[in-house]
Number of protein chains: 2
Amino acid sequence: MPDEDQRPPERARRLPRAVRERQILDAAVRVFSQHGYHSASMDEISEVAGVSKPMIYTYLGSKEDLFGKSIQREATRLLEAIQAGVQPDLPPDMQLWHGLRSFYRFVAEYRESWTVLHRQALTVGGGFAAEITAMRTRAIELVAALVVAAGTRKGLGEQTEFSGPGLAAALVGAAESLADWALDHPEISDGVLASWLMNLVWLGFNDLVEGQVWKPSE
Amino acid sequence: MPDEDQRPPERARRLPRAVRERQILDAAVRVFSQHGYHSASMDEISEVAGVSKPMIYTYLGSKEDLFGKSIQREATRLLEAIQAGVQPDLPPDMQLWHGLRSFYRFVAEYRESWTVLHRQALTVGGGFAAEITAMRTRAIELVAALVVAAGTRKGLGEQTEFSGPGLAAALVGAAESLADWALDHPEISDGVLASWLMNLVWLGFNDLVEGQVWKPSE
DNA sequence: CCGTAAGGCTACCGGTGAGTAGGTAGCCCG
DNA sequence: CGGGCTACCTACTCACCGGTAGCCTTACGG
């Protein structure tokens, strides 16, 4: 029985607003992550979303609004994914370990979310860059707290309070960079990635705490 | 000497082409580093350079050309600055140490060069992103070579050849992230920054080589 | 002092893409 | 069955900005 009911473009489905908004946001994240904010056009987003352009404006507002809402949704996802994996009553190294694993699991699963957060969000002048930077700063401070906690545990409070923030910034950067690297090496599991970082950084940090230092020879 | 005439708008200086090109490139790097590629307008660049827009087109070509030449000049500067500080016959850790110091010295001195290379160059779809990524990959491979060299020196060739590239990616990311952090903390010297990284990463790596590993407790 | 080339400018064009006006089609309820 | 509301679209406007045509101005060699 062939399709007697002709429906030329398969459109006119009249979905509820919430569904459309999700579709539009999905499309926006995908297109923004591929082309970046400026090169992404509302026309392409509307096409990918399977929706006409005015819909985007009536539902989500201007291009900047849309980008902001995309960022916000993905950032929330990332934060929730990490928080879901971490238990705050564990020792610092175990917290870091679990946080890292959750992070790498998230990046592998939501590549586009990660791309748009990490690479594209900074390219828009104005509030978003600030917002993202603030979020990253919070992450660094969190890690710094772990580092300082581990340091004071071992009685080296003052030293780690001086270098802690810098070390935390370095560690976060290392984690991000390794995440990018891992995108091209999907065969490496999140556990391996996290353990690499732990071994690199945490062992070195432990040595530091125990008074061992590297210094230029001669 | 009666040429004490009035020169109303201070213009019409008729400088040689090479000088103008330098002025334009300087202005381009500054504007690109502030606004990014897309948001930067040729009008603003021409204004900052103290030159009219057609000059840019006759001397340096299109906007994309201009961006490419800016990137190229700054990349060359960075590479030369690092190569000037490194001696290839030293042991791996000392090479890394000197490379890092040169890098942080460069970033402190040429903030805008660093910004445009690190943050903005990726935002242009096409050849530049590839070029920059390639350059970064070269840096990672260089570091990976150092890491593997240090590993085989101690008889751990196979292990480091597996994890070396990932570790190098992490280390490069850590260095970059710490560079960004250092922009907000100019009181920290390049020596301190480099030694933080060396202590974090190199000590940890040493431990690894010597068979010590971190692993999740319980 | 004239020719010519190089330095330099003002004033415009045209494409692109964000944002909108105004209309149509399906659904619900009296 | 009709009024009205919501989902949804086509087709447009308009500003901005990359790029250029064409002209003026100074330096200098002969």
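These figures come from a predicted structure and were not determined experimentally.

Asks: Which residues make up the overall build of chain A, and what values do they have?
Replies: If you tally the helices and strands in chain A, you get nine helices and zero strands. If you list the helices and strands of chain A from N to C, you get α-α-α-α-α-α-α-α-α. Its C-alpha atoms give chain A a radius of gyration of 22 Å, clearly above 17 Å, the size a compact globule of 218 residues would have. Judged by the C-alpha coordinates and their principal axes, chain A covers about 80 × 45 × 40 Å.

Asks: How would you explain the protein's contact with DNA strand D if you had to name every residue and give the values?
Replies: Around DNA strand D, 22 residues are found, and the nearest of them are S52(A), P54(A), M42(B), S62(B) and K63(B). Listing elements by their share of the surface near DNA strand D, those giving two or more residues are α1 (17–39) and α3 (53–60) of chain A together with α2 (42–49) and α3 (53–60) of chain B. By residue class, the composition of the surface near DNA strand D is nine nonpolar, three polar and 10 charged.

Asks: Pulling in residues and values, what's your account of the UniProt feature "DNA-binding region" (unreviewed entry) in chain A?
Replies: UniProt records the feature "DNA-binding region" (unreviewed entry) for residues 41–60 of chain A in the present numbering. Regarding residues 41–60 of chain A, the helix share stands at 80% and the strand share at 0%, and the terminal C-alpha atoms are separated by 15 Å.

Asks: Account for the nonpolar core, with residues named and values stated.
Replies: Among the nonpolar cores identified, the biggest contains 122 residues, and L197(A) and L197(B) are the most heavily contacted of them. Discounting chain neighbours no more than four positions away, the residues touching L197(B) are A170(A), L100(B), A174(B), A175(B) and L178(B).

Asks: Tell me about the packing of helix α5 (residues 92–109) of chain B against helix α9 (residues 190–209) of chain B, and please be specific about residues and values.
Replies: All names here are of chain B. Interhelical geometry of α5 versus α9 gives an angle of 140° and a closest axis separation of 8 Å. The angle between α5 and α9 falls in the class oblique. The chirality of how α5 crosses α9 is right-handed. Residues D93, L96, W97, L100, R101, Y104, R105 and A108 of α5 form the contact with α9, whose participating residues are D190, G191, L193, A194, L197, M198 and W202. A per-class count over the contact of α5 with α9 returns 10 nonpolar, one polar and four charged.

Asks: With reference to specific residues and values, describe the environment of S62(B).
Replies: Mapped onto the fold, S62(B) is located in the loop between α3 and α4 (63–85). Spatially, the C-alpha atoms of S62(B) and L193(B) are 39 Å apart, while their sequence positions differ by 131 residues.

Asks: Can you break down the protein's contact with DNA strand C residue by residue, with the values?
Replies: Around DNA strand C there are 22 residues in total, and M42(A), S62(A), K63(A), R17(B) and S52(B) lie nearest to it. Of the residues in the surface near DNA strand C, the class split is nine nonpolar, three polar and 10 charged.

Asks: Can you explain the interface of chain B and chain A? Please cite residues and give values.
Replies: On the chain A side, the residues contacting the 40 residues of chain B number 40 residues. The set of elements that each furnish at least two residues to the side of chain B that touches chain A consists of α5, α8 (157–183) and α9 of chain B. A class-by-class count of the residues in the side of chain B that touches chain A yields 23 nonpolar, 14 polar and three charged.

Asks: Report on the relation of the copies chain B and chain A, specifying residues and quantitative values.
Replies: Think of it as a corkscrew move, a rotation about one axis and a shift along it, taking one chain copy to the other. When chain B is fitted onto chain A, the two copies agree to an RMSD of 0.1 Å after a turn of 179° and an axial shift of 0.0 Å. As the rotation angle and translation indicate, the two copies are arranged about a two-fold axis. Closest to the rotation axis within chain B is the C-alpha of G204(B), separated from it by 1.8 Å.

Asks: Any details on the environment of G204(B)? Residues and values, ideally.
Replies: Residues and elements named next belong to chain B. Here G204 lies in helix α9. For G204, a count of 25 C-beta atoms within 10 Å corresponds to the buried category. Each C-alpha atom, one on G204 and one on R119, is 29 Å from the other, the two residues being 85 residues apart in sequence.

Asks: I'd like a description of the packing of helix α4 (residues 63–85) of chain A against helix α7 (residues 127–153) of chain A, backed by residues and values.
Replies: Residues and elements named next belong to chain A. For the pair α4 and α7, the least separation of the axes is 11 Å and the interaxial angle reads 10°. Classed by the angle they form, the pair α4 and α7 counts as roughly parallel. The segment α4 lies against α7, with F67, G68, I71 and A75 engaging F128, I132 and M135. Taken together, the residues of the contact of α4 with α7 sort by class into six nonpolar, one polar and no charged.

Conventions and cut-offs
Residues numbered from 1 in each chain as written. Chains lettered and ligands numbered in written order. Predicted model: local features only at pLDDT ≥ 70, side-chain atom pairs only at ≥ 80, totals over all residues. Helix = DSSP H or I, 4+ residues; strand = E, 2+ residues; numbered from the N terminus. Rg over C-alpha atoms; globule rule 2.2 N^0.38 Å. Near = placed C-beta within 6 Å. Nonpolar A, V, L, I, M, F, W, Y, C, P; charged D, E, K, R; others polar. UniProt positions renumbered as here; feature names shortened; annotations may be inferred. Core = buried A, V, L, I, M, F, W, Y, C linked by C-beta atoms within 7 Å. Buried ≥ 20, exposed ≤ 12 C-beta atoms within 10 Å, placed from the backbone. Contact = placed C-beta atoms within 7 Å. Axes fitted to C-alpha atoms, helices over the stretch in contact; angles between N-to-C directions. Parallel < 35°, antiparallel > 145°, perpendicular 65-115°, else oblique. Left-handed = near helix turned anticlockwise from the far one by under 90°. Least-squares fit on C-alpha atoms with pLDDT ≥ 70 in both.

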